[in-house]
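Chain by chain, the residues run as shown.
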Amino acid sequence: MELEILNWVHETFHGYAWLNYTMKYLSALAAGGAISIAVCTLLLIFRPTRRCGLAMAVALIIDVLVVNVILKNVVGRERPWTHGELSWAEGFYAQYGIELSLDYCFPSGHTAVTFCAAAVLVIFYRAKAVPAVVLAFLIGISRIYLGEHYVTDVAAGMVIGTLCGVAGYFAYAALERAAKRYYAKRRYYFKTRAFRVKLPRVRGRRTGLSALRELFI
């Protein structure tokens with residue numbers, strides 16, 4: 001059934017060169033998680049968006065572990081183009097210079113990583129993050145369009161990537177709360193240490209009351 005869908009896509013849409021190139025470059029945006037990593041890095045650079053960037057970084061790590069390390073290898077589903085039913089695949093990829101993924105295909109890594117990043121953006125920015133969701137959806141469609149994934153691979157990538165994004169947010173929130181509690185307990189120690197570091201040196205040694213006395217005598 002799913003191979004029939006891919007053959008239908010080929011027969012219906014692959015005659016439009018402009019659409020083929022559009023889907024090729026859409027798919028390339030998420031190769032190796034490129035666009036998600038770029039957005040995460042950009043968020044980390046600026047102070048107002050840094051919390052979102054940190055949460056996204058945690059979420060992307062979770063996504064890589066769940067999707068690429070665990071699920072792909074456990075399920076071990078071969079790519080659609082490895083089956084003889086897609087007789088058009090080899091010529092299509094050669095014509096448009098499409099680089100084929102050689103790992104297992106369930107779930108779609110491109111889809112999962114973009115939905116993971118989009119989920120974090122939605123949590124922080126709500127409706128403003130809708131374009132990110134739309135882009136993630138289009139990237140998922142491009143993977144089916146190119147015959148690199150089955151429909152179920154992409155559907156699973158959408159769900160799992162979103163869950164990884166939510167899990168990453170809550171994991172980061174827990175780490176943030178733990179760090180704040182730790183600092184609250186050690187606040188006096190940190191402030192005292194900072195005060196001692198700022199005290200002047202007298203004869204090559206840090207002093208306490210003696211140094212302060214020399215300042216005012």
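Not measured: the values here are computed from a predicted model.

Novice: For this particular structure, what's the right way to read the overall build of the protein?
Specialist: What the protein contains, in helices and strands, is nine helices and two strands. Going from the N terminus to the C terminus, the protein shows its helices and strands as α-α-α-α-α-α-α-α-β-β-α. Looking at the protein residue by residue over its 217 residues, the buried ones come to 39%. Taking as baseline every contact in the protein between residues at least 6 positions apart, the subset at least 24 positions apart corresponds to 76%. A total accessible area of about 13,000 Å² is found for the protein, and carbon and sulfur atoms account for 66% of it.

Novice: How should I be thinking about the packing of aromatic side chains in this particular structure?
Specialist: Aromatic rings considered in pairs are described by the distance between their centres and by the relative angle of their planes. Here the structure, examined in full by the defined rule, presents ten aromatic pairs. Ring plane angle 45 degrees and centroid distance 6.5 Å describe the contact between F13 and Y145, whose orientation is recorded as tilted. With F13 in helix α1 (residues 2-13) and Y145 in helix α7 (residues 130-145), this residue pair connects regions lying 132 residues apart in the sequence. A relative accessible area of 30% places F13 in the partly exposed class.

Novice: What is the right way to look at the pattern of salt bridges in this model?
Specialist: One side chain can pair with another of opposite charge once the charged atoms of both are near each other. Per the counting criterion, the structure on display carries six salt bridges. Of the charged contacts in the structure, one is a salt bridge between E176 and R51, with a shortest N-O distance of 2.8 Å. Of this pair, E176 sits in helix α8 (residues 151-198) while R51 sits in helix α4 (residues 50-75); the two residues are 125 residues apart in sequence, bridging distant segments of the chain. Residue classification places R51 among the partly exposed residues on the basis of a relative accessible area of 40%. D103 is paired through a salt bridge with R79; the nearest N and O atoms lie 2.5 Å apart. Placement of the pair is D103 in the loop between α5 (89-96) and α6 (109-125) and R79 in the loop between α4 and α5, with a sequence separation of 24 residues. For D103, a relative accessible area of 37% puts it in the partly exposed group. By sharing partners, the salt bridges in this structure join E2, R77 and D153 into a single network.

Novice: Would you explain unusual backbone geometry in this entry?
Specialist: Most peptide bonds take the trans configuration, and most residues that are not glycine carry a negative phi. A cis amide bond links F106 with the next residue in sequence, P107, at an omega value of -5 degrees. Position of P107 relative to the elements: it lies in the loop between α5 and α6. Not every positive phi belongs to a glycine, and R126 is a case in point at roughly 55 degrees. Mapped onto the elements of the fold, R126 is located in the loop between α6 and α7.

Novice: What should I look at first to understand the environment of W8 in this one?
Specialist: With respect to the helices, strands and loops of the structure, W8 is situated in helix α1. Given the relative accessible area of 48%, W8 is considered partly exposed.

How each quantity is defined
- Residues numbered from 1 in each chain as written.
- Predicted model: local features only at pLDDT ≥ 70, side-chain atom pairs only at ≥ 80, totals over all residues.
- Heavy atoms only, no water.
- Helix = DSSP H or I, 4+ residues; strand = E, 2+ residues; numbered from the N terminus.
- Buried < 20%, exposed > 50% of the residue type's maximum accessible area, 1.4 Å probe, protein only.
- Contact = heavy atoms within 4.5 Å.
- Areas by Shrake-Rupley, 256 points an atom, 1.4 Å probe, with all protein chains shown as cover.
- Phe/Tyr/Trp six-rings, centres within 6.5 Å; stacked < 30°, edge-to-face > 60°.
- Salt bridge = Lys/Arg side-chain N within 4 Å of Asp/Glu carboxyl O.

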